[in-house]
Amino acid sequence: MTRTSTSRPRIVATAAVAALTLALAAAPAQAHKPKPPVIQDRSKVEVQILALNDFHGNLLPPSGSSGRVGPTTLAGGAAYLATHIKSLEATNRNSIVVSAGDLVGASPILSALFHDEPTIEAMNSIGLDLNAVGNHEFDEGAAELLRLDRGGCHPTDGCQDGTPFAGADFDFLAANVVNTATGKTLFAPYSIEKFNGAEIAFIGMTLEGTPNIVSAAGIQGLEFRDEAATVNALIPKLRKKGVEAVVVLVHEGGSPTALDINGCAGVSGPIVDIVTNLDPEVDLVVSGHTHQPYNCVIDGIPTTSAYSFGRLVTDIDMTVDRRTRDVAGLTINNRIVTRDVAEDPAIVDLIARYNVVAAPIANRPIGHITADLPSAPNANLEQVMGDVIADAQLAATDGPPPQGSAVVAFMNPGGVRGPLTYLGSPAGEGDGVVTFGEAFTVQPFGNILQTLTLTGAQIDLLLEQQFCGLNSPAATPTPGFFKVLLPSAGFSYTWDGAIAGSAANATCATDPALGAVNPASISIGGAPIDLAASYRVTVNNFLADGGDGFGVLRSGTARVGGLEDLQAFEAYLAAAEPTGISPPALTRITRVN
C-alpha cells in the first residue's frame, strides 16, 4: 500500500518529553530537539511512524491509575487519542499508524459487550493502518478474529447496535501464526509500505507463548512460532524484494526498573532475548504485552513500548535513504495522550451511539458488597477478589448432577481484571451496589465453568505448576510468581518461597516431596488431602485446556460443563442478598521462606 496525502508543513507537537535519537544503526542514543520539517537532500525521505500497543478496547478514558501517566497526569481515551494522532499526522504527509497487538480483548464493557466491534470502528476512524495480532486478539478464537477483520454480524448475537459491521479498514499481521494444515499464516506476515519512493517492511507477530494464555479450543490447528526465528527467516525474502528498512511489530515486551516513558532503566524480560537474537538488519522494534513504557536500544536495535490503554503514542521519525533504501536516522519520542485537547467528534459520536445500547445493561444492579473487594495480592499471593470468584464458581458447581459435585474451585489471577469497590460510581447506583458493568469489568472473558475429576496427586501437581515449568522464575514469557491460583473456601495449603524461587525448581519435580508445596499441607474441607483419592474440581475452560501452564488440568476426567463465569458470579451475588458479599479473610494460602 502507498501512504500518500497532501503536503503539510511540519509543526512541533505539544508533548514535552525527552527524545531518543539513533543516528545510523549502531550509534549511541542521545536526546536532542526534533529535526527540521523538510530534508533538503531529495535522496532522503522522512517517515513518521505513530505506534501504540495494548489498547484493550479502552474507548472511554480509563479510570484510576490505568488512566494516568505518573502520579497526576490524566491520559487516554479514544476521543483524545484520535485528536493527538491526527495532530501528529498533520505534521508529516508520510505518516503511518501501527499497533503492537492487544487492540481488543479484556476490554471494558462498552467495547466487550459488542465483541469489540466499537474498538475496530474507532480505530478505523482514527486511521490505524497495521495491527500485529496479540494474545488477546484470540480471546474469542481465531474465527472471531477473522470476523473482526472481514466484517459481518456476530454469529450468535448479531449486530447488536442495529447497524451492519463492516470489519477493519486496517490490516492485521501475523507472521508467526501458522495454519498447520496449509502452512500459511493466519494473516499476512508483513506489509511493505511505500512513502515517496522509500519502502519500509512492517513484520507483525504475537508472542510465541500465546497458546499458554488463551483457550486452546479457539486456536486449534494454529502453530505459534519463535519470534526471532520468524523475523530472521523473512529478512532474505525482503532483501530479494529490494526492501532494506525493516520494522518489527511484536506483541511481547519487557519491564524497566523505573517508570520513565522515554527511559530504559534495567529493562528485562522476553523482549531482550528476542531483540538480541534478531538479524541486525532489523531497524526498529515496536513492542507491547507487558503494559510498560520504555524507549530503549537493545543490542543496537531501537525498541519501544507505549504503555497501555492508549495513554501514550510513540512518535517515530524515520529517515530513509532512497539510494541505499536503508534507514539513515531515527528519532523516537513517547508522547502522552493528554486530555487537555478537544475530543474528536467522530469518536464522541461513536461512543454515544454504543452507550445508548450498553448503558441500561451495564447499570443494572445485580447485588451488594459490604466493603471493597481488592484484586491486589498479599505477600502469599492471595487476593480477595479472586477468592470471592472461586467461591462463586464452587457455589455454581457443588450440587449433584446436572451440576458438577465439585468440592473445590480455582480461579486464575490473570482472569481477575480488577477490584469491586464499595463506593458508588457516577452512574448513581449507590454505595455497595454491584452493577452488571462493574462485574463484567472484573470478569470480561466469558469463560465457561468446567468440573473435572483429579486425584489428590494431580491437585498437588496443579499447585506445583504455579511455581515450576512455564511459571518458574527462570521461564519465559512470564517470569516470576504471577500464576498463583485463587482457591475456594475450605481449601488451604502452604508453599515454600525458597524452593519455588530456586533454579532447581524450574523443571517440575516428579517427587512431590521435592516441590514447593508440601502435600501434607493441602487440606480440603478441613481434612488432609489423600493423594490416591479422587476429587471434583471446578475451573474455567481456559484453565481446563491447560492455560497459564497448568497442563495437568488437561488430564482431568469426567468433565461437566457449567455456567458462564459471569453468570455464576451474578447468581452468587443474588444468593447473598440482602446482606451482600463481605471480603473473606486471606487464610487459604500460606507462604513460608
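Before reading further, recall that the structure is shown in the block above.
This section reports on the structure supplied with the text.

What counts and what doesn't
Residues numbered from 1 in each chain as written. Predicted model: local features only at pLDDT ≥ 70, side-chain atom pairs only at ≥ 80, totals over all residues. Heavy atoms only, no water. Pairing = 2+ DSSP bridges. Helix = DSSP H or I, 4+ residues; strand = E, 2+ residues; numbered from the N terminus. Contact = heavy atoms within 4.5 Å. Axes fitted to C-alpha atoms, helices over the stretch in contact; angles between N-to-C directions. 1 Å grid on protein atoms, 1.4 Å probe; cavity = no way out; pocket = protein on both sides within 12 Å on 5 of 7 lines; lining within 4 Å. Points joined across faces, edges and corners; volume = space filled by probe spheres on them. Nonpolar A, V, L, I, M, F, W, Y, C, P; charged D, E, K, R; others polar. Salt bridge = Lys/Arg side-chain N within 4 Å of Asp/Glu carboxyl O. Buried < 20%, exposed > 50% of the residue type's maximum accessible area, 1.4 Å probe, protein only. Disulfide = S-S within 2.5 Å. Phe/Tyr/Trp six-rings, centres within 6.5 Å; stacked < 30°, edge-to-face > 60°. Lys NZ or Arg CZ within 6 Å of the ring centre and 35° of its normal.

**Regarding the sheet that holds strand 19 (residues 408–411)**
Part 1: Spatially, the five strands line up as an open sheet ordered 22-19-26-21-27, and their pairing is mixed. Edge strands, defined here as strands with exactly one partner in the open sheet, are strand 22 (486–487) and strand 27 (557–564).
Part 2: With two bridges joining them, strand 19 and strand 22 adopt antiparallel strand pairing. Its bridge partner lying in strand 22, Phe410 is registered against Pro487.
Part 3: In the packing of helix 13 (residues 565–575) onto the sheet, the strands contacted are strand 21 (448–455) and strand 27, and the crossing angle to strand 27 comes to about 65 degrees.

**Here's the deal with the layout of surface pockets**
Part 1: In this structure, the second largest pocket encloses a volume near 530 Å³.
Part 2: Along its surface, the second largest pocket is lined by 30 residues, and Ala112, His115, Glu140, Pro444 and Phe445 are the ones closest to its centre.
Part 3: Contributing elements (two or more residues each) for the lining of the second largest pocket: helix 4 (142–150), helix 9 (436–442) and helix 13.
Part 4: In terms of residue class, the lining of the second largest pocket is made up of 13 nonpolar, nine polar and eight charged.

**Here we look at the pattern of salt bridges**
Part 1: Taken as a whole and judged by the stated rule, the model has 15 salt bridges.
Part 2: Of the charged contacts, one joins Glu144 and Arg147 as a salt bridge, the two residues approaching to 2.8 Å between their closest N and O atoms. In this pair, Glu144 and Arg147 both sit in helix 4, three residues apart, roughly one turn of the helix. When sorted by exposure, Glu144 lands in the same class as Arg147, which is buried.
Part 3: For the salt bridge of Glu199 with Lys194, the shortest nitrogen-to-oxygen distance reads 3.9 Å.
Part 4: Assessed through its relative accessible area of 23%, Glu199 is described here as partly exposed.
Part 5: Connected through salt bridges with shared partners, the residues Glu117, Glu144 and Arg147 form a single ionic network.

**Thoughts on the state of the cysteines**
Part 1: Inspection of every chain in the model, using the stated rule, returns two disulfides.
Part 2: Two residues, Cys264 and Cys296, share a disulfide whose sulfurs are 2.1 Å apart. Taking the sign of the S-S torsion, 110 degrees for the link of Cys264 and Cys296, the bridge is right-handed. With Cys264 in the loop between strand 12 (245–251) and helix 6 (270–276) and Cys296 in strand 14 (residues 293–298), this residue pair connects regions lying 32 residues apart in the sequence.
Part 3: Among the residues examined, Cys264 registers a relative accessible area of 28% and is labelled partly exposed.

**Side note on the packing of aromatic side chains**
Part 1: In the structure shown here, the tally under the stated rule is eight aromatic pairs.
Part 2: Here the aromatic rings of Phe138 and Phe224 are separated by 5.4 Å at their centres, their planes lie at 80 degrees, and the arrangement is edge-to-face. Residue Phe138 is found in the loop between strand 6 (130–132) and helix 4, and its partner Phe224 is found in strand 11 (residues 222–224); the two are separated by 86 residues along the sequence.
Part 3: Both rings, one in Phe436 and one in Phe440, keep their centres 6.0 Å apart while their planes meet at 45 degrees; by these two values the pair is tilted. On the criterion of helical spacing, the pair formed by Phe436 and Phe440 is a turn pair, its members being four residues apart in helix 9. With respect to burial, Phe436 and Phe440 carry one shared label: buried.
Part 4: What links up through ring pairs into an aromatic cluster is the set Phe170, Phe172 and Phe187.
Part 5: Over the face of the ring belonging to Tyr307 we find Arg311, whose NZ or CZ atom lies 3.7 Å from the ring centre.

**Observations regarding the sheet that holds strand 25 (residues 527–528)**
Part 1: The mixed open sheet is built from four strands, whose spatial order is 25-24-23-28. If you trace the sheet from one side to the other, it starts and ends with strand 25 and strand 28 (589–592), each paired once.
Part 2: Sheet topology note: the strand 23 (residues 491–496)/strand 28 ladder contains four bridges and is parallel. Across the sheet, Tyr493 pairs through a bridge with Ile589, a residue of strand 28.

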